[in-house]
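Breakdown of the fold
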Amino acid sequence: MAVERDFELLDDYLSNRLSGEERSAFEKKLDTDPELKQEVKFQQDLVEGLRKARMAELKSLLNNIPIAPVQGGQSSTLLKTGSWVAVTGLVATALYFYFVKNEATEEIVTPAPVVTEQPERQPVSPEENETKPATSETKEGVDKVETKEPAKASDKVTEPVERAESKKPKIKAYDPSTEEPEGAVEKYEREQFEIISRAFVTSSIEVETDNTDKKYTFHYVFKNGKLVLYGGFEKHLYEILEFISDDKRTVVLFYKSNYYLLDVNKSTPAVLSPIHDKKLLKKLQEYRGNQE
Amino acid sequence: MNEKEIFERICRGDEKSLEFLYKKYYRMMTKMVITNSGTEEEARDIYQDALIVFWQKATSGKLVMTAKISTYIYSICQNLWRKELDRKKRLSNEEKDLPVAQDTESEERNKIVAQCIEQLGETCKKVLMYYYFEEMSMQDIADKLGFANTDTAKTKKYKCKKKLDELIKTQYSERDFLD
């Protein structure tokens, strides 16, 4: 049995409380002391057991937290609507990776700057954008989580394997770091640009078209969360781009090579007028180009 | 609660704040997995794991937050999900050729450890978990468990650890795991 002093050192070693130097010194010592090495092996099992047990506890704590369901039934009605093109999938914004790379890689040193202009970049490949949320420490943490085998995880491995096989593990992303509104209120389109630049794109909006109305010929309105387009829209394909960035949401209609901003708070029909802001248009074109 | 407040509470091991965060970002984080060919269940699993990684980093005092919490958690989610996709891919490729070697002895050991942990009293368990998993400071452990001071926490930890050592060693020697 190791002496008490060693025991304390060992404990600090096991609980990651040693500095890099102390750590390597201790490891060196391990190589020359088989008895200590044996003890470490034993203690590692023990500590690993404690960690697993705690992880399981936390998992069950989280599992017991009720999560409010998303407004149900949308997707089935969506399919019925049919005459619109759903724009799904995340769009990897260069900005996101830009942020993550810079903030998260280096133990998150710099606060997220308020960016009004973004470099135009294409989504990066997974190897390149291997976002490291922190230094190797986090990696370690991540590995810890990975190595344990939650009961559920093993059950569900088989089913989605085929899908995963055909798909490269490429994570598309959006930037979630936009929870609070910007300080200064700028022009509407400019604001939307901000949101869009950081958001990811999806579409879960139900759309209805109405070409029977005499008064509204190229208008839109949001009714109970549903988008109603007035005019002869059926004949042509249109796309709804929905940008979600935390609590902010921006909806854009693409129709006949024009983009239209839709105000989700509009409860009375409003005329559709194309977007003029060049920068915003460019961004939107980028997004549409990125759809797979 | 603002970001800073939440983070500070998390650092002190406040589980209520963890619950709060969990709810707050649930949709945002699970969406990433779901839109990247994951099932809802996988998404939840990844998100929970990511949140626990975040929690562990925060409680151990190794995390200096200057970016938003969500950014941080999100990137962990991404990493975990990428790894999971890789793992599944490997699994589907190698499944037939390489049966996973079963290390029954180490499994047996793990089982014993888990059982012995269960035999500890609630406080003992908590002290050790906070010390080895959360890697909390003795001060935080004392605060959280209502000990008079850090010395009490230290003693408690020492005794509990000894007890667990003994429990496990007894079991091991019964099964000849100790050389």
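Residues numbered from 1 in each chain as written. Chains lettered and ligands numbered in written order. Predicted model: local features only at pLDDT ≥ 70, side-chain atom pairs only at ≥ 80, totals over all residues.

All right, on to the overall build of chain A then. Within chain A one finds 10 helices and nine strands. Going through the 292 residues of chain A one by one, you find that 27% of them count as buried. Taking as baseline every contact in chain A between residues at least 6 positions apart, the subset at least 24 positions apart corresponds to 67%. (Helix = DSSP H or I, 4+ residues; strand = E, 2+ residues; numbered from the N terminus. Buried ≥ 20, exposed ≤ 12 C-beta atoms within 10 Å, placed from the backbone. Contact = placed C-beta atoms within 7 Å.)

Bringing the overall build of chain B into the picture now. In terms of helices and strands, chain B carries eight helices and zero strands. Going through the 179 residues of chain B one by one, you find that 45% of them count as buried. Pairs at least 24 apart in sequence give 61% of the contacts found in chain B among residues at least 6 apart.

Ranked by internal contacts, the top residues of the largest apolar core, which has 37 residues, are Met29(B), Ala50(B), Leu51(B), Phe54(B), Ile73(B) and Cys77(B). The set of elements that each furnish at least two residues to this core consists of helix H3 (34-63) of chain A together with helix H1 (3-11), helix H2 (15-34), helix H3 (40-59) and helix H4 (69-94) of chain B. In terms of residues, this core owes the most to one element, H3(B), which gives 10 residues. Once residues lying within four places of it in the same chain are set aside, the contact partners of Ala50(B) are Met29(B), Ile73(B), Ile76(B), Cys77(B) and Leu80(B). (Core = buried A, V, L, I, M, F, W, Y, C linked by C-beta atoms within 7 Å.)

Where strand S4 (residues 219-223) of chain A lies against strand S5 (residues 226-230) of chain A, five bridges are found, and the strand directions are antiparallel. Within S5(A), the residue paired with Phe222(A) across the bridge is Leu227(A). (Pairing = 2+ DSSP bridges.)

This next bit is on the environment of Asp143(B). All names here are of chain B. The topology assignment puts Asp143 in helix H7 (residues 138-145). The exposure class assigned to Asp143 is partly exposed, which follows from the 16 C-beta atoms found within 10 Å. Along the sequence, Asp143 and Ala153 sit 10 residues apart, while their C-alpha atoms lie 9.2 Å from each other.

Residues and elements named next belong to chain A. Mean pLDDT over chain A stands at 64; residues scoring 70 or higher make up 45%. The weakest mean pLDDT in chain A belongs to strand S1 (residues 85-86) at 38; the strongest belongs to H3 at 93. Of the regions scoring below 50 in pLDDT, residues 71-168 engages in 166 contacts with residues more than four places distant in sequence or in other chains. In the predicted structure, residues 176-186 sits below a pLDDT of 50 and forms 22 contacts with residues beyond four places in sequence or in another chain. (pLDDT = per-residue confidence, 0-100.)

The next subject is the packing of H1(B) against H2(B). Residue and element names in this part refer to chain B. It is the contact of H1 with H2, at a shortest axis distance of 8 Å, that shows an interaxial angle of 130°. What the angle tells us is that H1 and H2 run oblique. Like other packed secondary-structure pairs, H1 and H2 cross with a definite hand, here left-handed. Packed against H1, whose contacting residues are Ile6, Arg9 and Ile10, the element H2 presents Ser17, Leu18, Phe20 and Leu21 at the interface. Its residues placed into classes, the contact of H1 with H2 shows five nonpolar, one polar and one charged. (Axes fitted to C-alpha atoms, helices over the stretch in contact; angles between N-to-C directions. Parallel < 35°, antiparallel > 145°, perpendicular 65-115°, else oblique. Left-handed = near helix turned anticlockwise from the far one by under 90°. Nonpolar A, V, L, I, M, F, W, Y, C, P; charged D, E, K, R; others polar.)

Residue and element names in this part refer to chain A. As summarised here, the arrangement of the four strands in space is S3-S5-S4-S9, forming an open sheet in which the pairing is mixed. Where the open sheet ends on each side, the last strands, each with one partner, are strand S3 (207-210) and strand S9 (270-271). Sheet topology places S4 next to S9; two bridges connect them, and they run antiparallel. The partner of His219 across the bridge, within S9, is Val271.

All names here are of chain B. Contact pair helix H5 (residues 104-119) / helix H8 (residues 150-174): the axes reach a minimum separation of 9 Å and the direction vectors enclose 140°. Compared by their axis directions, H5 and H8 come out oblique. As H5 packs across H8, the resulting crossing turns out to be right-handed. On H8, the residues that touch Ile112, Val113, Cys116, Ile117 and Gln119 of H5 are Leu164, Leu167, Ile168, Gln171 and Tyr172. Split into classes, the residues belonging to the contact of H5 with H8 amount to eight nonpolar, two polar and no charged.

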